[in-house]
Amino acid sequence: MRILIVEDEVRIRTGIAKLISTHTVHTVVGEGKNGQEGLEMILRFHPDLVISDIRMPIMDGLTMVKEAREKGADCHFVILSGYSEFEYAQKAIRYGVEDYLLKPLAPEDVSSLLNKIEKEVEQEEKESAQTTEGLLRDIFQGRKENISEKYGRLKVSGAFQSGQVIFLASGYVGDVDSKYCTNLEKILEKMQSDYPGWKILSVYLENTREMIALFQGDISFEEMEKKLKRRVYLNLSRDDMPVWTFGKADSIEEIRDCA
């Protein structure tokens, strides 16, 4: 499970990270010192779980959770609380916070809570794997399941039309500003609106922090590449913008090799 820690006190933040690495098999993907940093990391790293303090400078924990939810983050949230904040912590449940940990933290309490959330994440992944996005993620990330079986289920889903070229655009977004990914999603939505006859899908790969967009429509590869470059480069011009690569697959079975 991929975990993000958001806590303004360095000693507590590093202590939690060490506790997780020492007593569990989970991975800490990032550490933020306030809610604003935490929000940016949530949108960039897509963690499974966020462990956050309530009271922090610049942006508090509950505001971070609220804004993350509004921006579409579907990770789990656990807040850190002292006994004096216990009642306040209980109210946080209304904001989509799943649970809380009382300070000072006991290793057994942390392990128990992480195990509970891990089971929930595993169940969510099983359900997600039944969706088109889940199938695409499994295909591109090369999980242990039979890839040919995934291709077969993708065909049956009707996500793409057989016998028609599929265009792909892939870019590493792990180091870019979170606003880039938000704007990119809006651009893909705009393209779907502009070209209602096209099939447009996108998937984020957590293991490589890569975004892959897939398109299928009545257009040549050259024209499609030109349209995509104009949208992702000119409309989103940034010094640290990711490098995009473009390709095409003549069949569903070729999309993994073309990404």
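About the cut-offs
- Here, residues in each chain are numbered from 1, in the same order as that chain's written sequence.
- Given that the model is predicted, a residue must reach a pLDDT of at least 70 before its local features are reported, and side-chain atom pairs must reach 80 or more before they are shown or counted; all residues, however, enter totals for whole chains, interfaces and linings.
- Values shown for side chains rest on all heavy atoms present in the structure; no hydrogens or waters enter the calculation.
- The way it works is a 1 Å grid over only the protein atoms, where trapped points that fit a 1.4 Å probe form a cavity and open points with protein on both sides within 12 Å along at least five of seven lines form a pocket, and then any residue with an atom within 4 Å of a point lines it.
- Grid points are joined across faces, edges and corners, and a volume is the space filled by probe spheres set on the points.
- Note on conventions: DSSP H or I runs of at least 4 residues are helices, E runs of at least 2 residues are strands, and numbering of each starts at the N terminus.
- Only Asp, Glu, Lys and Arg are considered charged in this grouping, and only Ala, Val, Leu, Ile, Met, Phe, Trp, Tyr, Cys and Pro are considered nonpolar; every other residue, Gly among them, is considered polar.
- Put simply, buried Ala, Val, Leu, Ile, Met, Phe, Trp, Tyr and Cys residues joined by side-chain atoms within 4.5 Å make one nonpolar core.
- Burial classes follow relative accessibility: with a 1.4 Å probe on protein chains only, a residue under 20% of its type's maximum area counts as buried, one over 50% as exposed, and anything between as partly exposed.
- Note that patches include only residues with greater than 30% relative accessible area and no salt bridge, and the join distances are 9 Å for like charges and 5 Å for nonpolar side chains (Val, Leu, Ile, Met, Phe, Trp, Tyr).
- Values of accessible area rely on a 1.4 Å probe in the Shrake-Rupley scheme; residue burial ignores everything except the protein chains shown.
- A carboxyl oxygen of Asp or Glu within 4 Å of a side-chain nitrogen of Lys or Arg is what we treat as a salt bridge.
- Counting rule applied: Lys, Arg positive; Asp, Glu negative; His and chain ends not counted.
- For the purpose of locating charges, the reference atoms are NZ of Lys, CZ of Arg, CG of Asp and CD of Glu.
- Fitted lines through C-alpha atoms give the axes, limited to the stretch in contact for helices. The angle between two N-to-C directions lies from 0 to 180 degrees.
- Note on terminology: angles under 35 degrees are roughly parallel, angles over 145 are roughly antiparallel, angles of 65 to 115 are roughly perpendicular, and the others are oblique.
- Crossing handedness is read from the near helix: turned anticlockwise from the far helix by less than a right angle, it gives a left-handed crossing, and turned clockwise, a right-handed one.
- We call two residues in contact whenever any of their non-hydrogen atoms come within 4.5 Å of each other.
- Nitrogen and oxygen atoms within 3.5 Å of one another constitute a polar contact, given that in protein one can donate a hydrogen and the other can accept it, and given that sequence-neighbouring residues count only through two side-chain atoms.
- Between any two strands, at least two bridges found by DSSP are needed for them to pair.

## Overview of empty space enclosed by the protein
Inspection of the entire model under this criterion finds 1 cavity of 30 Å³ or more. Put simply, the largest cavity is a space of about 40 Å³. Contributing elements (two or more residues each) for the lining of the largest cavity: α8 (178–194), β8 (210–216) and α9 (221–234). Ranked by the residues each element gives to the lining of the largest cavity, the list is headed by β8, at 3 residues. Among the residues forming the lining of the largest cavity, the class breakdown is 9 nonpolar, no polar and no charged.

## A word on the layout of surface pockets
A water-sized probe rolled over the atoms picks out the places where empty space is left. Here the largest pocket is characterised by a volume of approximately 1,300 Å³. Listed by contribution, the elements that provide at least two residues to the lining of the largest pocket are α2 (35–45), α5 (107–128), α6 (132–141), α8 and β7 (199–205). Residue contributions to the lining of the largest pocket peak at 8 residues, all from α8. Here the residues of the lining of the largest pocket are counted per class, giving 16 nonpolar, 12 polar and 14 charged.

## Observations regarding the nonpolar core
Ranked by size, the top nonpolar core spans 24 residues in total, and within it Met 191, Phe 215 and Trp 244 carry the most contacts. Val 6, Cys 75, Ala 92 and Val 97 belong to the second largest nonpolar core, which has 21 residues in total.

## Description of a negative patch on the surface
There is a patch of like negative charges on the surface, built from Asp 74, Glu 122, Glu 124, Glu 125 and Glu 127. Turning to its location among the elements, Glu 122 is positioned in helix α5.

## Considering the packing of α2 against helix α3 (residues 61–70)
In contact at an axis separation of 9 Å, α2 and α3 are set at 25° when each is read in the N-to-C sense. Between α2 and α3, the interaxial angle falls into the category roughly parallel. Of the two possible hands of crossing, α2 and α3 adopt the one that is right-handed. Judged by residue contacts, Gly 35, Gly 38, Leu 39 and Ile 42 of α2 engage Met 64, Glu 67 and Ala 68 from α3. The residue inventory of the contact of α2 with α3, partitioned by class, reads 4 nonpolar, 2 polar and 1 charged.

## Notes on the environment of Asp 60
Assignment of secondary structure puts Asp 60 in the loop between β3 (49–53) and α3. Look past the residues within four positions of Asp 60 in its chain and what remains in contact with it is Gly 35 and Ile 54. A polar contact is formed between the side chain of Asp 60 and the backbone nitrogen of Thr 63, at a distance of 2.8 Å.

## Regarding the sheet that holds β7
If you trace the 4 strands from one edge of the open sheet to the other, you get β7-β8-β6-β9, paired in antiparallel fashion. Each having just a single partner strand, β7 and β9 (244–249) make up the two edges of the open sheet. Direction aside, neighbouring strands of the sheet carry axes that sit 20° apart on average. Strands in contact with α6 are β6 (166–172), β7 and β8; relative to β7, the strand with the most contacts, it is inclined by about 55°. On top of the sheet, α8 reaches β7, β8 and β9; it is set at about 160° to β7, its chief contact.

## Examining unusual backbone geometry
Pro 104 follows Lys 103 through a cis peptide bond whose omega is -5°. Relative to the elements of secondary structure, Pro 104 occurs in the loop between β5 (99–102) and α5. In the Ramachandran plot, His 46 falls in the positive-phi region, its phi being about 50° despite a non-glycine side chain. Here His 46 lies in the loop between α2 and β3. Among the residues examined, His 46 registers a relative accessible area of 32% and is labelled partly exposed.

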